[in-house]
Amino acid sequence: MHQILKPVAPEQENRPLFQVESLSYCYPDGTQALNGINLQVHAGDRIALVGHNGSGKTTLVKQLCGLLHSDEGSVTYKGEPLSGAHLARARLEIGLLFQDPDDQLFGNSLYDDVAFGPRNQGQSEIEVDLAVRQALKAVDLEELMFKPPHALSYGQKKRAALAGLLAMRPSLLILDELTANLDPAQEQIFIDLLKNYQGTLILISHDLIFLYELCERALVLDRGRVHHDYPLKELVEHRPSLREHGLDFSFRFAESRQHTEQVDVERRQGAKKAEPAELVGQNAATLVDMRALAYRYPDGTQALNVIDLAISPGERLALVGENGAGKSTLLMCLLGILPFTGRYHFAGTKIVPGKGRAVWQNTGMVFQDCADQLVCSSCYDEVAFAPRQYGVAEAEIKVLVKNALKRVKLDGFDERVPLHLSGGERKRLALASVLSLQPQLLILDEPTAGLDPQGGELLLNILREIDATLILVSHDIFFVRELTERTLVMHNGQIALDYSTKDFFADKNLTSLNGLDFTYRDQCALQIRALQHLHEHTHPHKHHHEHSHVHAELTHQHPHEHEHEHDHSYGHRHNETGAHQHSIQSEYHHHEHPGHDQDDHDHRH
Amino acid sequence: MSGTLQISSLWLLPLLLLPLAVYSGFRVLSGIARKEQGGEDRDWSVPQIEYEGGTTSPVHRWDVRFKLASFLLLAFLVVSLQHPQTALVALIMALFGYRVAAIPWRRGLKRLLGMAGFLSMFLLMLPLTAVRQSTDLVLVFGSIDWLSFNLRGLDLAMLIILRAATVALLMEPLLATAPLPVTLAGLTRMGVPRRLTELLLITHRYLYVFLHEARRMQIGMDVRGFRKSTSLATLRSVGNYVGMLFVRSFERTERVHAAMLARGYQGFWPQPISLHVTPADYLKACGVIGLGLLLVICDQFLVGRF
């Protein structure tokens, strides 16, 4: 019996698996996606492919799979160009996972889908059956083998898509945004699988914390070029590089500390804890008041079960829980879209199931996939859409649009086409499109999904400034910590826990609730934080650089090596004795040396 | 019997309510089936053609090629019937076949409910609009002489409804007693181009994705206050919505194709489905086609004479 985590034929040769030389690619609309890429990928490499949204990561992996053909340069796989029979063979050895699992699950049942690859490999039906069962078992979906893909949840689809690749026993796995929108439990399944995977691995992700333990090499793309190609640990400890490429997630550490301090202050002052639903519900000024709310899916699945929830105006609460816990269904009921049973009042108005117009006028919701709410041909029209529906005068709309775009830092984007914006910009546009109505209640469903860290940081700053009642649905525990004061933990269609965010973070029993174990992330974050410990030292160091200097009568400049004593910022770790070790620095580097050109220079010419 | 029959104008009211009554009847039946199921109604705008697993019946065990040929031929024969009486017999036969196939009644009812709104209009329109022939019996409602109810039109409406209901019910044992890939493999073996059957297979899969996407976009517009009206603004919004759906679908098509290529797709779907013919398959086919022919013979030569 074969092991699916072992590639078909482990590479022993020294020649690179992929050799990319001077590769350029331009899309038909004129966008230069890749520009002179030179790259070698060796068997067994574990590469984190990172960079801004739109830096060319997905285009590059499509080139590696022969899905796009280069304008200039070449890509060879195992020494041969990717074309003809060799390309067909290569595709059967390379597993490429796309971002959206629906793109990859085209079979009529899960079994058919996972069997698609092995059947194309020409395996016998007995081998196919074995491969399918093993792959589905590896991703914990064996029981759903004969279900149609549309009957699966998002997380299950993601796992099923990976199973489709694993069944082919690929020697190279290329995974694009594997963990976006997944809860920690599902993420852990992938981490365990990939840690044990013995082939070559290329992971595209904005989530450096996820990449940190799985990859060794970082390939940073910027505007279609390889900007850095070095160990991942060096990348994460070097904040200037991270910031340059929109990957600096250090704000999360810094802000966490700030929040911790704030929490400590509150604790000392005996700050009032978030009130549980029953107490808040007695308040006449309650914005949302749900009693015994329930909803059952058409197939009979009880999605929500006796939900009692009260939200006061101005409250900022988080809704957390594993995929399938009922968070999105609760939001749909809250918007009055689904035909729930039970009692629901919004700002004192009784909401009839399935008819939520009274809610919509005072509520703004930013969807998980913001493409679902961007339908207009210009950013201006998009933001003006809601006010126009409510009959706001055009002159007033102009002001509302201007303000909304300004709040989300999209000033001047009025005429831009939403479809052509980057992921982060579209997310902010979606936010502007609901802010234009100045809603009382703002609902954010997974706002950080697919955002690069820079986009995440910008969004966080925007959200901090918004003064509205907030419901945040997110697996991003950092955003929960930063933006909310009350946390509801959902499990099996019920609100299992309702307490302050502070207590949520102090709760040691969360691992017992499926999907809320953030241990892995915490460990990685701590390690990275240690790596990023940054301050300035003054000590002598030797380097090789170029600057003007004087030799008696002669003034000139050229690269030369000598020893300096001046301040330097280095990312470094301290060991137990207090000693530290710097990361490898470029031998040639440049910085200001005030008055240094007048110093004695004694070196050979 | 022919001629004009003068009746009270009060009879017009129940006749006008007839289509509504038919439609409501289907809804009630569907509601009962739903309650039996223990859940709420699904969106029946997508014809459910998934395999109803967990049951075996003579229809389930039937070779898919024979099943396709027999049921499709029977459907053509039913459509060729000229009299409501034989069409009613055909409907009873279809119900019997449905029972033999052991398919839950709710599926058939949902399918009929989907058609009920459209078909019930025939009950009203055809009797009121049928061109009067010399042999027709026409009801005139009191003094409203410009409005006549042609009983031949009612016959015609009943015939259309019965034939449509029969064919719809025949589709259930045809499509729900084998997984769709098997049914489509059967079609391929019968000479339907492979590319077409693969297209059907993938269309069925992505119909759900498309509908989910359309629904999410609709919710996205609704929660921002979109209200349909007969205005240019609504037309523009709906145009944007349809356009965006088209763009997203087109992009998805490209991504799905790329994903298929990346997993070794070379122009055909690997479907190692083996089909075996047994004498029972021939017998079942003869039985079904024989019944269809018998119906046509009765329709042509017997019913018209009485």
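Before reading on, note that the structure itself is shown above.
Residues numbered from 1 in each chain as written. Chains lettered and ligands numbered in written order. Predicted model: local features only at pLDDT ≥ 70, side-chain atom pairs only at ≥ 80, totals over all residues. Heavy atoms only, no water.

A. Geometry of the packing of helix 2 (residues 64–79) of chain B against helix 6 (residues 180–189) of chain B. All names here are of chain B. Two elements in contact, helix 2 and helix 6, have axes whose closest approach is 8 Å; the angle formed by their N-to-C orientations is 75 degrees. Between helix 2 and helix 6, the crossing angle belongs to the class labelled roughly perpendicular. For the pair formed by helix 2 and helix 6, the contact residues are V64, R65 and L68 on the first element and V182, T183, G186, L187 and R189 on the second. Each residue belonging to the contact of helix 2 with helix 6 can be placed in one class, and the counts come to four nonpolar, two polar and two charged. (Axes fitted to C-alpha atoms, helices over the stretch in contact; angles between N-to-C directions. Helix = DSSP H or I, 4+ residues; strand = E, 2+ residues; numbered from the N terminus. Parallel < 35°, antiparallel > 145°, perpendicular 65-115°, else oblique. Contact = heavy atoms within 4.5 Å. Nonpolar A, V, L, I, M, F, W, Y, C, P; charged D, E, K, R; others polar.)

B. Highlighting the nonpolar core. Formed by 84 residues in total, the largest nonpolar core has its most connected members in F18, F106 and I174 of chain A. Take this core: its biggest share by element is nine residues, from helix 5 (residues 151–175) of chain B. In this structure, A48, A135, M145 and L166 of chain A belong to the second largest nonpolar core, which totals 52 residues. (Core = buried A, V, L, I, M, F, W, Y, C linked by side-chain atoms within 4.5 Å. Buried < 20%, exposed > 50% of the residue type's maximum accessible area, 1.4 Å probe, protein only.)

C. Inspection of the sheet that holds strand 19 (residues 486–491) of chain A at higher detail. All names here are of chain A. Strand order across the open sheet formed by six strands is 16-17-18-13-19-20, with mixed pairing between neighbours. Among the strands making up the open sheet, the edge pair consists of strand 16 (363–366) and strand 20 (494–500). Direction aside, neighbouring strands of the sheet carry axes that sit 15 degrees apart on average. Both strand 19 and strand 20 contribute to a ladder of six bridges, which runs antiparallel. Bridge pairing links T487 to Y499 in strand 20. Of the strands in this sheet, strand 16 and strand 17 (441–445) touch helix 16 (residues 423–435), which is tilted by about 170 degrees from strand 16. (Pairing = 2+ DSSP bridges.)

D. View of helix 16 of chain A. Residue and element names in this part refer to chain A. Compared with an ideal rise of 1.5 Å per residue, which puts 13 residues at 18 Å, helix 16 spans 18 Å between its outermost C-alpha atoms and is within 8% of the ideal. Burial of helix 16 is extensive: twelve of the 13 residues sit out of reach of the surface. Looking only at helix 16, the buried set comprises G424, E425, R426, K427, R428, L429, A430, L431, A432, S433, V434 and L435. Tucked into the core, helix 16 has its buried residues touching strand 16, helix 14 (379–389), helix 15 (394–407), strand 17 and helix 17 (453–465). (Expected span 1.5 Å × (residues − 1).)

E. Main features of the environment of V167 of chain B. All names here are of chain B. Tracing the backbone shows V167 in helix 5. In this structure the C-alpha to C-alpha distance between V167 and G153, which are 14 residues apart in sequence, comes to 21 Å. Apart from residues lying up to four places away in sequence, V167 is in contact with A75, V78 and V79.

F. Layout of the packing of aromatic side chains. All chains considered together, the criterion is met by 15 aromatic pairs over all chains. Ring plane angle 50 degrees and centroid distance 5.1 Å describe the contact between F18 of chain A and Y77 of chain A, whose orientation is recorded as tilted. Placement of F18 of chain A in strand 1 (residues 18–26) and of Y77 of chain A in strand 4 (residues 72–77) is noted, with a sequence separation of 59 residues between them. Y77 of chain A matches F18 of chain A in its accessibility class, with the two residues each being buried. With a centroid separation of 6.2 Å and an interplanar angle of 55 degrees, the aromatic rings of Y499 of chain A and F504 of chain A are classed as tilted. The class of F504 of chain A is buried, set by a relative accessible area of 1%. Members of the aromatic cluster, each reached through a chain of ring pairs, are F106 and F116 of chain A together with Y265 and W269 of chain B. We note R416 of chain A situated over the ring of F413 of chain A; from NZ or CZ to the ring centre the distance is 4.4 Å. The ring of Y206 of chain B carries the charged tip of R205 of chain B above its face, separated from the ring centre by 4.9 Å. (Phe/Tyr/Trp six-rings, centres within 6.5 Å; stacked < 30°, edge-to-face > 60°. Lys NZ or Arg CZ within 6 Å of the ring centre and 35° of its normal.)

G. Representation of the pattern of salt bridges in the model. As enumerated under the stated definition, the model contains 31 salt bridges over all chains in all. With a closest N to O distance of 2.8 Å, D102 of chain A and R205 of chain B form a salt bridge. In this pair, D102 of chain A sits in the loop between strand 6 (94–97) and helix 3 (110–120) while R205 of chain B sits in helix 7 (residues 194–222), so the two residues belong to two different chains. Here D102 of chain A matches R205 of chain B in class, with each residue buried. Connected through shared salt-bridge partners, D100, D103, D369 and D372 of chain A together with E213, R216, R248, R252 and R255 of chain B make up one network. (Salt bridge = Lys/Arg side-chain N within 4 Å of Asp/Glu carboxyl O.)

H. A look at the side chain of S70 of chain B. Residues and elements named next belong to chain B. Of note, S70 is situated in helix 2. A polar atom in the side chain of S70 sits 2.6 Å from the backbone oxygen of F66. Those residues within four positions of S70 in sequence are excluded, and the remaining contacts are W62, A285, V288 and I289. (Polar contact = N/O pair within 3.5 Å; in protein donor to acceptor, adjacent residues only side chain to side chain.)

I. Seen up close, the interface of chain A and chain B. The interface is formed by 56 residues belonging to chain A together with 49 residues belonging to chain B. In total, chain A and chain B occlude about 4700 Å² of area from one another, counting both sides; carbon and sulfur atoms represent 56% of this. Taking the shortest distance from any N to any O, the salt bridge between D113 of chain A and R263 of chain B comes out at 3.4 Å. Linking chain A to chain B there are 18 residue pairs in polar contact (both at pLDDT 80 or more). Mapped by element, the contributors of at least two residues to the side of chain A that touches chain B are helix 2 (84–93), strand 6, helix 3, helix 5 (154–166), helix 13 (357–360), helix 14 and helix 16 of chain A. For the side of chain A that touches chain B, the element with the highest residue contribution is helix 3 of chain A, accounting for seven residues. Classifying every residue of the side of chain A that touches chain B by side-chain character gives 31 nonpolar, twelve polar and 13 charged. (Buried area = accessible area lost by both parts, 1.4 Å probe.)

J. How the structure looks around unusual backbone geometry. Residues and elements named next belong to chain A. With phi around 45 degrees, S22 is a residue other than glycine that occupies positive phi space. The topology assignment puts S22 in strand 1. Positive phi values are uncommon outside glycine, yet K409 reaches one of about 60 degrees. With relative accessibility at 39%, the residue K409 sits in the partly exposed group.

K. Helix 2 of chain B, seen in detail. All names here are of chain B. Under the 1.5 Å per step criterion, the end-to-end length of helix 2 is 22 Å for 16 residues, consistent within 8% with the ideal 22 Å. Those residues of helix 2 lying buried are V64, F66, K67, L68, S70, F71, L74, A75, L77 and V78. Buried positions along helix 2 lie against helix 3 (84–100), helix 5, helix 6 and helix 9 (279–302). Structurally, the start of helix 2 carries an N-cap: the backbone nitrogen of R65 is 2.9 Å from a side-chain oxygen of D63.

L. Broad picture of the side chain of E382 of chain A. On the secondary structure map, E382 of chain A appears in helix 14. Ignoring any residue separated from it by four or fewer positions in sequence, one finds E382 of chain A in contact with Q373, L374, V375, C376, P418, L429 and S433 of chain A together with R224 of chain B.

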